[in-house]
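Chain and residue survey
Each chain, written out:
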Amino acid sequence: MGFTPLFDSPKPEWVPTNAQTDRRFIVTGANRGIGYATAAGLAALGAHVVLTGHEGSEAFGEAMDRIAMETGCLRDNLSYMPLDLRSLDNVRQFARSWQQRPEAERSVFGLINNAGIAGMPGVSPDGFEMCFQVNYLSMFLLTRLLLPYLKGVDEQEPAKIVCVSSSAHLFTLGIPTDEKYLRQPGAGFFSLRYGESKLCVNSFVRQLSARLDPQQVQAYAVHPGSTASGFWHSFPAWAQRCIASVAQDPSRAARTSLFCATERGLESGGYYAGCAQASASFWLGSVDKKDQLWLKSCAWTGTSPNSVLPK
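Heads up: these notes are all about the structure in this document. (Residues numbered from 1 in each chain as written. Predicted model: local features only at pLDDT ≥ 70, side-chain atom pairs only at ≥ 80, totals over all residues. Heavy atoms only, no water.)

Quick notes on the overall build of the protein
Basically, it comes down to this: Numbering of helices and strands runs from the N terminus, with a helix taken as a DSSP run of H or I at least four residues long and a strand as a DSSP run of E at least two residues long. When a residue's accessible area, from a 1.4 Å probe over protein chains only, is under 20% of the maximum for its type it is buried; when over 50% it is exposed; and in between it is partly exposed. Whether two residues touch is decided by their heavy atoms; if any such pair falls within 4.5 Å, the residues are in contact.
Counting its secondary structure elements, the protein contains 10 helices and eight strands. Per-residue burial for the protein yields a buried fraction of 55% across its 311 residues. A separation of at least 24 residues holds for 76% of the contacts in the protein among residues at least 6 apart in sequence.

Details of the pairing of strand β3 (residues 78–82)
When a strand is regular, its side chains alternate between the sheet's two faces. Our working definition: Any two strands between which DSSP finds at least two bridges are classified as paired. Note on handedness: a crossover is taken as right-handed if, strands pointing away from the viewer, the path from the first strand over the helix to the second is clockwise.
In this structure, strand β2 (residues 48–53) lies alongside β3, joined through five bridges in parallel fashion. Of the residues in β3, the one forming a bridge with T52 is M81. The parallel pair β2 and β3 is bridged by helix α2 (residues 57–71), and the resulting crossover is right-handed.

Structural notes on the pattern of salt bridges
Under the convention used in this document: By definition, a salt bridge exists where a carboxyl oxygen of Asp or Glu is found within 4 Å of a side-chain nitrogen of Lys or Arg.
Applying the stated criterion across every chain, the model contains 11 salt bridges. E179 is paired through a salt bridge with R183; the nearest N and O atoms lie 2.8 Å apart. Looking at R183, the relative accessible area reads 32%, which means it is partly exposed.

Some points on the sheet that holds strand β4 (residues 110–113)
One open sheet holds the eight strands; their spatial order is β3-β2-β1-β4-β5-β6-β7-β8, and the pairing between them is mixed. On the outer flanks of this sheet lie β3 and β8 (276–277), each paired with one strand and no other. Note: strand β6 (residues 217–223) against strand β7 (residues 271–273), three bridges, orientation parallel. Across the sheet, residue V222 finds its bridge partner in β7, namely Y272.

Description of helix α1 (residues 33–44)
Put simply, the rule reads: In this analysis, the expected span of each helix is defined as 1.5 Å times one less than the number of residues it contains.
The end-to-end C-alpha distance of α1, which contains 12 residues, comes to 17 Å, matching closely the 16 Å that a straight helix rising 1.5 Å per residue would cover. In terms of burial, α1 is a largely internal element, 11 of the 12 residues being buried. All of the buried residues along α1 are G33, I34, G35, Y36, A37, T38, A39, A40, G41, L42 and A43. Positive phi appears at G46, one or two residues downstream of α1, with a value of about 100°.

Re the nonpolar core
Grouped burial of nonpolar side chains is what soluble globular proteins tend to show. Under the convention used in this document: Nonpolar cores are built from buried Ala, Val, Leu, Ile, Met, Phe, Trp, Tyr and Cys residues. Side-chain atoms within 4.5 Å join them into one set.
One finds W98, F132 and Y136 to be the most contacted residues of the largest nonpolar core, which totals 54 residues. Those elements that provide at least two residues to this core are α3 (88–99), α4 (130–146), β5 (159–164), α6 (193–211), β6 and α10 (287–301). With 12 residues, the single largest contributor to this core is α4. Counting residues in each nonpolar core, the second largest holds 36 residues, with Y36, A39, A43 and A68 among its members.

What follows is the structure, given as structure tokens:
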């Protein structure tokens, strides 16, 4: 997520207006915070939104009821599917469940990879540091497995993949590729691990975009800005109060995700912040490191390094 300056230069404020009637979107981590605001924004534009996460059907049922009440959308336009990004096997199960849906309900116009964590003790069931697993590796696998279902309207409106990154990716020591390091527990947000996971997200977006036909599917990385949300729940109460005093609300933080998900003519592979293209880390200029991360991520997730579509 990262931090944004307290005082920004004034500029016209973008608001979502492009209708998304009958288009299907998947939003990860969608029952609260930026994910909830993103799902609500898409629903308000007429989209069918599949909310995903691991908190359970009761939490997501309440979230969908609130979205319907706040936006006036049809409750039938909202649905929930369980997804736990702490486990690669759970991601694969989600993809299998998606494949089993009726054919008319499989196509996806937009995949919003929103879910993420600031940090978590220990390692994942797959043996990776938690930020790396949740923020990057599981997102990598989810996107790869859902690519066959991403369908745009036409060449002017290709399908969209929006991956939530952070300005924290600017403050790292490079793209991590050493497996021994990535399998060691991290130390949370104020270590390098969070920023590194988001640098990996940006690298993935660039690598994926280079392999996709931009007239069919486009991918973007976005920085939402510092936000008063449950993202900070692991922080001390005093720190949460300080952050809330200067951070934006989730509905504003969701706007760059909504911008990339609904606007035409954007550059695939780009990094966006404040509803505009922004400068990404110079580390992304390291072709060797990006290639290493791609190849190793494919090996760790059991996906093809050559074809972006699963066999």
